[in-house]
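In case you want the letters, here they are:
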Amino acid sequence: MRNVYIYILVMALVTYAIRVLPLTLIRKEIRSKTIKSFLYYVPYATLSAMTFPAILTAVENTYAALAGFIVALILAFFRRGLLTVAIGACAAVFIVELIL
Amino acid sequence: MESSRSSFTRGMRDGIPICLGYLAVSFAFGIQAVQSGLSVFQATLLSLTNVTSAGQFAGLGIISTSGSLLEMAGAQLIINLRYMLMSAAISQKIKPDEKVFHRMGIAYGMTDEVFAISASHPGVLSPFYSYGAILVSVFGWTLGTFLGAYSGEILPQRLISALGVALYGMFLAIVIPPARENVNVRITVIAAMLMSTIFTYAPVLKNISSGFRIIIVTIVIAGVAALLFPRDEEAGA
């Protein structure tokens, strides 16, 4: 295995560059309505794409994963906080895995 | 405009649920990091310096298979490219003449969740609000990694397995409430999930790596949404 610290350094540098460049280079207000709208929709599109269908294969048992997904959807729909939704999803997976 | 101190306090308060959510996810990361051959210190340092979820998990795979540094850089660039879009969005929330020092400071902790609370923050974003949220959330992310790396082996396998969905639960908690309020966001969320599903299972398309898949889906879906449902200025961000 290569030196782990070099990997960590590369990861940190690339990730920080991605985060810092737009914040330091974009100094003016973006006027384009389309670009503004695009930036508004980005997090919803990204987080949704990251979550589904990946959540279904996040644990070994697909039914347990599906239960976790549904419980998270319901809790989020009723505006529960990040922690409640995360723990609720884990609990659903845990319970279904115990039963099956 | 609030004082710096009260912005900082409010950021810390809003960061608490993020911190707790991170504890669960980073705990899972810590366990996996040690299984991939990292020491407890290396795992903790990785979390403290990177503060990404998907990027770090992908990084472990590359470290354990001794991938090249170029592969590592490329994977991080693709998986974390969404932060570039988020930072660009936040650049519009801060004062146009905000100091470079502060811009560099808030960039460090720009995660999906910190972005979400910053973007929904009414009015101009104070860097001190971000510092409060970043301090508390990075603390949770780093502490959880340490605890997972240190104690993961003594926990039952079932419990560790269940923690695998914590991250996704957190993401749903961010996207679902606005999707409930706003029909355009709802369509965006459903379309992104559908397209991501097609790219995961369809022949040929499924060969695209998960990092690229997320980038393509984001650009296409957010782009189409921006064209079909442009936002009114008054509606705020």
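Residues numbered from 1 in each chain as written. Chains lettered and ligands numbered in written order. Predicted model: local features only at pLDDT ≥ 70, side-chain atom pairs only at ≥ 80, totals over all residues.

Structural notes on the overall build of chain A
Note the following rule: Secondary structure elements are taken from DSSP: a helix is a run of H or I of four residues or more, a strand is a run of E of two residues or more, and numbering for both begins at the N terminus. The reference for a compact globule is 2.2 Å times residues^0.38; the radius of gyration itself is calculated from the C-alpha atoms. The burial criterion counts other C-beta atoms lying within 10 Å of a residue's C-beta, which is placed from the backbone; the residue is buried at 20 or more, exposed at 12 or fewer, and partly exposed between these limits. Whether two residues are in contact is decided by their C-beta atoms, placed from the backbone, lying within 7 Å.
When its secondary structure is counted, chain A shows four helices and zero strands. For chain A, the α and β elements follow one another from N to C terminus as α-α-α-α. In terms of C-alpha radius of gyration, chain A reaches 19 Å, well past the compact-globule figure of 13 Å for 100 residues. A principal-axis box enclosing the C-alpha atoms of chain A has dimensions of 55 × 45 × 20 Å. Within chain A, buried positions represent 52% of all 100 residues. Residue pairs at least 24 apart in sequence account for 41% of intrachain contacts in chain A once pairs closer than 6 positions are excluded.

A closer look at the confidence of the model for chain B
Put simply, the rule reads: One number per residue, pLDDT, summarises how confident the predictor is, and it ranges from 0 to 100.
Of all residues in chain B, 97% attain a pLDDT of 70 or more, and the chain-wide mean is 88. Across the whole predicted complex the pTM is 0.78, and at the interface the ipTM reaches 0.87.

Observations concerning the environment of B:Gly169
Positionally, B:Gly169 belongs in helix H10 (residues 166-181). The class of B:Gly169 is buried, set by 34 C-beta atoms lying within 10 Å. Along the primary structure B:Gly169 and B:Glu2 are separated by 167 residues, whereas in three dimensions their C-alpha atoms are 33 Å apart. Sequence-distant contacts of B:Gly169, defined by excluding residues within four places in its chain, comprise A:Ala72, A:Val85, A:Ala86, A:Gly88 and A:Ala89.

Notes on helix H4 (residues 82-99) of chain A
To be explicit about the condition: By this rule the span expected of a helix is its residue count minus one, scaled by 1.5 Å.
Between its first and last C-alpha, H4(A) extends 26 Å over 18 residues, near the 26 Å set by a 1.5 Å rise per residue. Among the residues making up H4(A), those that are buried are A:Leu82, A:Leu83, A:Val85, A:Ala86, A:Ile87, A:Gly88, A:Ala89, A:Cys90, A:Ala92, A:Val93, A:Phe94 and A:Glu97. Residues of H4(A) that are buried in the fold lie against helix H3 (62-77) of chain A together with helix H1 (4-35), helix H7 (112-119), helix H9 (157-162) and H10 of chain B.

Looking at the domain arrangement of chain B
Residues and elements named next belong to chain B. Rule in force here: Domain delimitation in this document rests on an assignment produced automatically or drawn from a domain database. Under the scheme applied, nonpolar residues are Ala, Val, Leu, Ile, Met, Phe, Trp, Tyr, Cys and Pro; charged residues are Asp, Glu, Lys and Arg; polar residues are all the others, including Gly.
Taken domain by domain, chain B holds domain 1 (4-163) and domain 2 (182-237). Of the residues lining the interface, eight residues belong to domain 1; the matching set on domain 2 comes to six residues. Residues that form the side of domain 1 that touches domain 2 fall into these classes: six nonpolar, no polar and two charged.

Brief notes about the packing of helix H1 (residues 4-25) of chain A against helix H4 (residues 69-79) of chain B
Helices that pack against each other are described as a pair by the angle of their axes relative to one another and the distance between those axes. Heads up, the rule is: Inter-axis angles, ranging from 0 to 180 degrees, are taken between N-to-C directions of lines fitted to C-alpha atoms, where helices are fitted over the stretch in contact. Crossings are classed by handedness, with left-handed meaning an anticlockwise turn of the near helix from the far one by less than a right angle and right-handed meaning a clockwise turn.
Where H1(A) meets H4(B), the axes come as close as 9 Å, and the angle between the chain directions of the two elements is 35°. Crossing hand, H1(A) versus H4(B): right-handed. Together, A:Ile6, A:Tyr7, A:Val10, A:Met11, A:Val14, A:Thr15 and A:Ile18 of H1(A) and B:Leu69, B:Met72, B:Ala73, B:Gln76 and B:Leu77 of H4(B) make up the contact between the two elements.

As for unusual backbone geometry
The peptide bond linking A:Phe52 to A:Pro53 adopts the cis configuration, its omega dihedral lying at 5°. Position of A:Pro53 relative to the elements: it lies in the loop between helix H2 (33-51) and H3. One non-glycine residue, B:Val51, adopts positive backbone phi at about 50°. With respect to the helices, strands and loops of the structure, B:Val51 is situated in the loop between helix H2 (40-50) and helix H3 (54-64). On the basis of neighbour counts, which here come to 26 C-beta atoms within 10 Å, the residue B:Val51 falls in the buried class.

Quick look at H3(A)
Helix length check: H3(A), at 16 residues, gives a terminal C-alpha distance of 22 Å against a target of 22 Å (1.5 Å per residue), a fit within 8%. Packing partners of the buried residues in H3(A) comprise H4 of chain A together with H10 of chain B. A:Arg79 sits one or two positions beyond H3(A) and adopts a positive phi of about 60°.

Quick word on the interface of chain A and chain B
Interface size is commonly expressed as the accessible area that is lost once the parts come together. With 68 residues of chain A in contact, the opposing surface of chain B contributes 88 residues. Those elements that place two or more of their residues in the side of chain A that touches chain B are H1, H2, H3 and H4 of chain A. Its residues placed into classes, the side of chain A that touches chain B shows 47 nonpolar, 10 polar and 11 charged.

Focus: the environment of B:Ala119
Tracing the sequence through the fold places B:Ala119 in helix H7. A sequence separation of 67 residues divides B:Ala119 from B:Thr52, and the C-alpha atoms of the two residues are 18 Å apart.

Some remarks on the environment of B:Tyr150
Relative to the helices and strands, B:Tyr150 is located in helix H8 (residues 127-151). Considered as a pair, B:Tyr150 and B:Gly30 are 120 residues apart in the sequence and their alpha carbons are 7.7 Å apart.

Focus: the nonpolar core
What counts is decided by this rule: Nonpolar cores are identified as sets of buried Ala, Val, Leu, Ile, Met, Phe, Trp, Tyr and Cys residues joined via C-beta atoms within 7 Å.
Of all hydrophobic cores here, the largest spans 118 residues; its most connected members are A:Ala89, A:Cys90, A:Val93, B:Val165 and B:Ala166. A per-element tally of this core places H1(B) first, with 15 residues. Looking at which domains feed residues into this core, each of domain 1 (4-163) and domain 2 (182-237) of chain B supplies at least three. Those residues within four positions of B:Ala166 in sequence are excluded, and the remaining contacts are A:Ala86, A:Ala89, A:Cys90, B:Ala24, B:Val25 and B:Ala28.

Comments concerning the packing of H2(B) against H8(B)
Residues and elements named next belong to chain B. Operational definition: Every angle not falling under 35 degrees, over 145, or within 65 to 115 is termed oblique; those three ranges are roughly parallel, roughly antiparallel and roughly perpendicular.
Contact geometry of H2 with H8 gives a least axis separation of 8 Å together with a crossing angle of 160°. One finds that H2 runs roughly antiparallel with respect to H8. Two packed elements cross with a definite hand, and for H2 against H8 that hand is right-handed. Residue-level inspection shows Val40, Ala43, Thr44, Ser47 and Leu48 of H2 in contact with H8, the latter providing Trp141, Thr142, Thr145, Phe146, Ala149 and Tyr150. Looking at the contact of H2 with H8 residue by residue, the class counts come to seven nonpolar, four polar and no charged.

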